[in-house]
Amino acid sequence: MKPTFYVTTPIYYVNDVPHIGHAYTTVAADVLARYKRLMGFDVYFLTGSDEHGQKVEKAAITAGETPLELADRVVKRYQALWERLGISHNDFIRTTQERHKKGVSEIFSNILEKGDIYLGEYEDWYCTPCETFWPETQLIENRCPDCNRPVEKLKEESYFFRMSKYQQALLDHIETHPDFIQPKSKRNEIISFVKEGLRDLSVSRTTFSWGIPVPGNDKHIIYVWFDALTNYMSALGYPDATPEYQRFWPANVHLIGKDILRFHTVYWPTFLMAAGLPLPEKVFAHGWWTVEGQKMSKSLQNVVEPNMLIDKYGVDAVRYFLMREVPFGLDGDFSHTALVQRINSDLANDIGNLLSRSTAMAVKYFDGVLPSPAELTETDSALKNKTIEMVETVNKLMDELAFSKVLQTIWEVISAGNKYIDESAPWTLAKEPANRERLATVMYCLLESQRITHCVLSAFLPTTAGKALDSLGWIKEITRENLQWGGLSTGTTVTKSEALFPRIEG
Ligand code: MSP
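Residues numbered from 1 in each chain as written. Predicted model: local features only at pLDDT ≥ 70, side-chain atom pairs only at ≥ 80, totals over all residues. Heavy atoms only, no water.

Trainee: Whenever I open this one, the overall build of the protein confuses me. Can you help?
Mentor: Per the secondary structure count, the protein includes 18 helices and 16 strands. The C-alpha radius of gyration of the protein comes to 26 Å, within 12% of the 23 Å expected for a compact globule of 506 residues. Taken along its principal axes, the extent of the C-alpha atoms in the protein is 90 × 50 × 40 Å. For the protein, with 506 residues in total, the buried portion stands at 58%. Pairs at least 24 apart in sequence give 77% of the contacts found in the protein among residues at least 6 apart. (Helix = DSSP H or I, 4+ residues; strand = E, 2+ residues; numbered from the N terminus. Rg over C-alpha atoms; globule rule 2.2 N^0.38 Å. Buried < 20%, exposed > 50% of the residue type's maximum accessible area, 1.4 Å probe, protein only. Contact = heavy atoms within 4.5 Å.)

Trainee: Even after reading the chapter, I still don't get the sheet that holds strand S6 (residues 152–161), so can you show me in this structure?
Mentor: Pairing between the strands of a sheet is mediated by backbone hydrogen bonds and can be parallel or antiparallel. Spatially, the four strands line up as an open sheet ordered S5-S4-S6-S8, and their pairing is antiparallel. The strands lining the two open edges of the sheet, one partner per strand, are strand S5 (132–134) and strand S8 (201–202). Its contacts with the sheet place helix H10 (residues 261–275) against S5, S6 and S8, and it is angled at close to 35 degrees to S6. (Pairing = 2+ DSSP bridges. Axes fitted to C-alpha atoms, helices over the stretch in contact; angles between N-to-C directions.)

Trainee: Looking at this structure, how should I read the packing of aromatic side chains?
Mentor: The description of two aromatic rings rests on the distance between their centres and on the angle between their planes. Tallying each qualifying case throughout the model produces 31 aromatic pairs. Judged by centre distance (5.7 Å) and plane angle (85 degrees), the ring pair of Phe321 and Phe334 falls under edge-to-face. Residue Phe321 is found in helix H12 (residues 315–325), and its partner Phe334 is found in strand S16 (residues 332–334); the two are separated by 13 residues along the sequence. Ring pairs connect the aromatic residues Phe108, Tyr159, Phe161, Tyr166, Trp225, Phe226, Phe263, Tyr267 and Phe271, which therefore count as one cluster. If you follow Lys36 out to its NZ or CZ, it ends over the ring of Phe5, 5.0 Å from the centre. Over the aromatic face of Phe41 sits the side chain of Lys36, whose NZ or CZ is 4.5 Å from the ring centroid. (Phe/Tyr/Trp six-rings, centres within 6.5 Å; stacked < 30°, edge-to-face > 60°. Lys NZ or Arg CZ within 6 Å of the ring centre and 35° of its normal.)

Trainee: Please explain helix H4 (residues 98–114) as it appears in this structure.
Mentor: A rise of 1.5 Å per residue sets the reference length of H4, with its 17 residues, at 24 Å; its end C-alpha atoms lie 24 Å apart and thus fit the reference within 8%. If you check which residues of H4 are buried, you get His100, Gly103, Val104, Ile107, Phe108, Ser109, Asn110 and Ile111. Note on H4: the residue one or two positions beyond its end, Gly115, has a positive phi of about 90 degrees. (Expected span 1.5 Å × (residues − 1).)

Trainee: Help me understand the side chain of Thr230 in this model?
Mentor: The residue Thr230 is located in the loop between helix H7 (224–229) and helix H8 (231–234) in this model. At 2.8 Å, the side chain of Thr230 forms a polar contact with the backbone oxygen of Phe226. When sequence neighbours within four positions are dropped, the list of residues in contact with Thr230 reads His100, Gly103, Val104, Ile107 and Trp268. (Polar contact = N/O pair within 3.5 Å; in protein donor to acceptor, adjacent residues only side chain to side chain.)

Trainee: Just to check I follow, could you spell out the pairing of strand S11 (residues 217–222) for this structure?
Mentor: Side chains on a regular strand alternate between the two faces of the sheet. Sheet topology note: the strand S9 (residues 204–205)/S11 ladder contains two bridges and is antiparallel. In the strand pairing of S11, Arg205 is matched with Ile221. Relative to S11, strand S10 (residues 213–214) is paired through two bridges, and the arrangement is antiparallel. Considered in S11, the bridge of Pro213 is made with Ile221. In this antiparallel pair of consecutive strands, S10 and S11, the connection spans two residues, and Gly216 shows a positive phi of 85 degrees.

Trainee: How should I be thinking about the environment of Gln182 in this particular structure?
Mentor: Within the secondary structure, Gln182 is located in strand S7 (residues 181–182). Taking the relative accessible area as the measure of exposure, Gln182 reaches 13% and is therefore buried. Taking C-alpha positions, Gln182 is 31 Å from Gln484, a pair spaced 302 residues apart along the chain. Every residue in contact with Gln182, bar those within four places of it in the chain, is listed here: Lys282, Val283, Phe284 and Ala285. Among the polar contacts listed, one links the side chain of Gln182 to the side chain of Asp179, at a separation of 3.4 Å.

This is how it looks when you write it as structure tokens:
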């Protein structure tokens, strides 16, 4: 049986339309899912939408719709974008689906019965956009410490989750599972936060009605984060012992943005502990994108719309830029200039040129029939070894989710390929019939190195890699086994590749 791999994205709020921040997590998850599939894993890749809560209720009122009408309309925009971006998710969960409501009610009842959810009274400052209560001491100039918007005083009867009880257990877990929270800097932040003391958490609301009712007391709506986090399990069929649930829970990695780290590494694991359920293996928080140096926001009208980028630059250029420009885990800045520069240098120049030069030569010198190599010289072996080492290094770096470094490593092989052409000078070899065998070896090494490169790259740039592999005459499935040197068979038909990425002028 294949090993399993379960990766998730956050589920996106439907009161907002998708922007590059949302596309970022989803593309990263897609790259990981595609890579793991080609490495032989049985992958479950989940994304979805977060449709309950006061924020969505308010947005619906403003739009003159019911919350469900709003959700139905906005969720299509996410789904259409994922389709355009080539996202290969196995499932899309909406929190308004019955399967999800059933999972949330079950986990809530389970903890309630065990006594770790109890009824009490709540009075504190509430930030509606963040759906978070804040004690007065944490407010910054009477505003929300996370988003700097005004907060309001709310008093309500509320169910509480006995989070305080799990403080030590959580610290122990973080201690004994060094990879649970990544990157390291975030792990340290969470450790300090937990050490300051965990308060019991209000997990129900009575001030609005758009959500899942507390089982047995429908005056109360389950707190939207309790509801949302459970999607990672309800999608698999929890509480039923479905084959998916049994095979894929606990998740291997939850990919999230740094703003929602606390929910995923303090709330979620303690809920799971209370319910007696296994914890996810890893939570990785990536950084935030600014735009031309500024925070992205509707009021600044600088929200970068992924559809517009795809129209202008193409899907794979956008995917490449997002994964290459910023080390995963750090903040980054989006600018059109930076994107165009990456397209022109890394994509059009390096990878595109290499493929079109090499396939053109294969057509010119061998009528597009791949010749067999003779014995490799030192230069050939150097390219071969670099390619083989790249596969190994990439595998290690993918486990660290170091996407940008992975691409750098791949690009070293691409540069080596371009240098190899210049050093081997096939055009000179072609002039002498006596050099035919040498020329054949050079062509083989050049094309085989690129075949392996594009097999690996297919996780990042599925469309481009598909085109490249077509022109190299590679029609087999990409598997871990055929990432070895020597996969291209003599006699394969090579066709001249059109420019993979046109240069962007101006
Ligand atoms: N609904 C919650 C998640 C629940 S998961 C159980 C939520 N939704 S969100 O739509 O507001 O945000 C989803 C993700 O988008 C978060 O991981 C957030 O970090 C990410 N981003 C939103 N803006 C971003 C940037 N400007 N840059 C990078 N990622 C950003 O939170």
